[in-house]
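Now for the letters of each chain:
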Amino acid sequence: MKYLKIFLIVFVGVLLIQSCSEDKAVGAIEFNFKLLYDGNPLVAGQAYDYPLGFKFFVTKFSMFLSELSIENSTSSVDISDAIFLDLGATQFDTQTASQGMTIRFEDIPEQEYTNLRISLGLPGILNNTNPTDYTTDSPLANTGEYWAGWESYIFHKLEGKMDPDGDGELDTGIALHIGSND
């Protein structure tokens, strides 16, 4: 019986070593996000012509993206439960607007992927949490992106100013905030 135990321990050890030593190639994947308006990089704070004949500018453009995964015909890789993009904060000149915002994920199995799945906003299971449930390094810890009264994250924010009366003053606020499980 003693030799059987030793054999099993050695056998399990060899299996663990073999499974750990398998050379599974991994790499990284990057996603680049840019705000575009009329096909060109949108610079936050710069005035643009709106199709209804007045000018506007954007000061804030942020959003949560969730359930990021890539897949092919044989496998699927979950990349992230949630990320937060604040594009308005990074696109305040032509150069940074042209570069956009790049997010990199490491340890992705190297394969050819054919599909990207991504959701705007947060699924109910994440939206039913609140920032105090997370550590400060989580995108969901940001209290500025959460409505306590609605018990919901703000999935998307667009803010800026416009000049709907055409007097040359961009003095009317724009605020579009989207959230809630509904």
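Residues numbered from 1 in each chain as written. Predicted model: local features only at pLDDT ≥ 70, side-chain atom pairs only at ≥ 80, totals over all residues. Heavy atoms only, no water.

(A) Seen up close, the confidence of the model for the chain. Mean pLDDT over the chain stands at 86; residues scoring 70 or higher make up 87%. Confidence scores differ between elements of the chain, with helix H1 (residues 2–21) showing the lowest mean pLDDT of 40 and strand S10 (residues 152–162) the highest of 96. (pLDDT = per-residue confidence, 0-100. Helix = DSSP H or I, 4+ residues; strand = E, 2+ residues; numbered from the N terminus.)

(B) Region of the structure containing the packing of aromatic side chains. Enumeration according to the criterion identifies 10 aromatic pairs in this entry. Each ring, one from Phe64 and one from Tyr153, has its centre 5.6 Å from the other, and the planes form 75°; the classification is edge-to-face. Of this pair, Phe64 sits in strand S5 (residues 55–71) while Tyr153 sits in strand S10, placing them 89 residues apart in sequence. In this structure Tyr153 comes out as buried when scored by relative accessible area, which is 0%. Here the aromatic rings of Tyr146 and Tyr153 are separated by 5.0 Å at their centres, their planes lie at 75°, and the arrangement is edge-to-face. No difference in accessibility class separates Tyr146 from Tyr153, as the two residues are buried. (Phe/Tyr/Trp six-rings, centres within 6.5 Å; stacked < 30°, edge-to-face > 60°. Buried < 20%, exposed > 50% of the residue type's maximum accessible area, 1.4 Å probe, protein only.)

(C) Local environment of the layout of surface pockets. Put simply, the largest pocket is a space of about 230 Å³. Listed by contribution, the elements that provide at least two residues to the lining of the largest pocket are strand S2 (36–37), S5 and S10. Of the residues that constitute the lining of the largest pocket, the class distribution is 13 nonpolar, 1 polar and 1 charged. (1 Å grid on protein atoms, 1.4 Å probe; cavity = no way out; pocket = protein on both sides within 12 Å on 5 of 7 lines; lining within 4 Å. Points joined across faces, edges and corners; volume = space filled by probe spheres on them. Nonpolar A, V, L, I, M, F, W, Y, C, P; charged D, E, K, R; others polar.)

(D) Structural detail: the environment of Glu112. By the element assignment, Glu112 lies in the loop between strand S7 (101–109) and strand S8 (115–120). A sequence separation of 40 residues divides Glu112 from Asn72, and the C-alpha atoms of the two residues are 7.1 Å apart.

(E) Representation of the nonpolar core in the model. Counting residues in each nonpolar core, the largest one holds 23 residues, and the members touching the most others are Phe33, Ile79, Ile83, Leu85 and Phe105. Elements represented by at least two residues in this core include exactly strand S1 (26–33), S5, strand S6 (76–86) and S7. With 7 residues, S5 is the largest single contributor of residues to this core. Once residues within four sequence positions are removed from consideration, Phe33 is found in contact with Leu65, Ile83, Leu85, Leu87, Gln91, Gly100, Met101 and Ile103. Ranked by size, the runner-up nonpolar core spans 9 residues in total, among them Leu122, Leu126, Tyr146 and Phe155. (Core = buried A, V, L, I, M, F, W, Y, C linked by side-chain atoms within 4.5 Å. Contact = heavy atoms within 4.5 Å.)

(F) Highlighting unusual backbone geometry. Here the phi dihedral of Asp38 falls at roughly 55°; this positive angle occurs in a residue that is not glycine. You can see Asp38 is positioned in the loop between S2 and strand S3 (40–41).

(G) Expanded view of the pattern of salt bridges. Following the criterion strictly, the structure yields 7 salt bridges and no others. Glu145 is the partner of Lys60 in a salt bridge, and the nearest nitrogen-oxygen pair spans 3.8 Å. Separated by 85 residues along the polypeptide, Lys60 in strand S5 and Glu145 in the loop between helix H3 (124–127) and strand S9 (146–147) bring together distant segments of the chain. Residue classification places Glu145 among the buried residues on the basis of a relative accessible area of 4%. With a shortest N-O distance of 2.6 Å, Glu106 and Arg104 are connected by a salt bridge. (Salt bridge = Lys/Arg side-chain N within 4 Å of Asp/Glu carboxyl O.)

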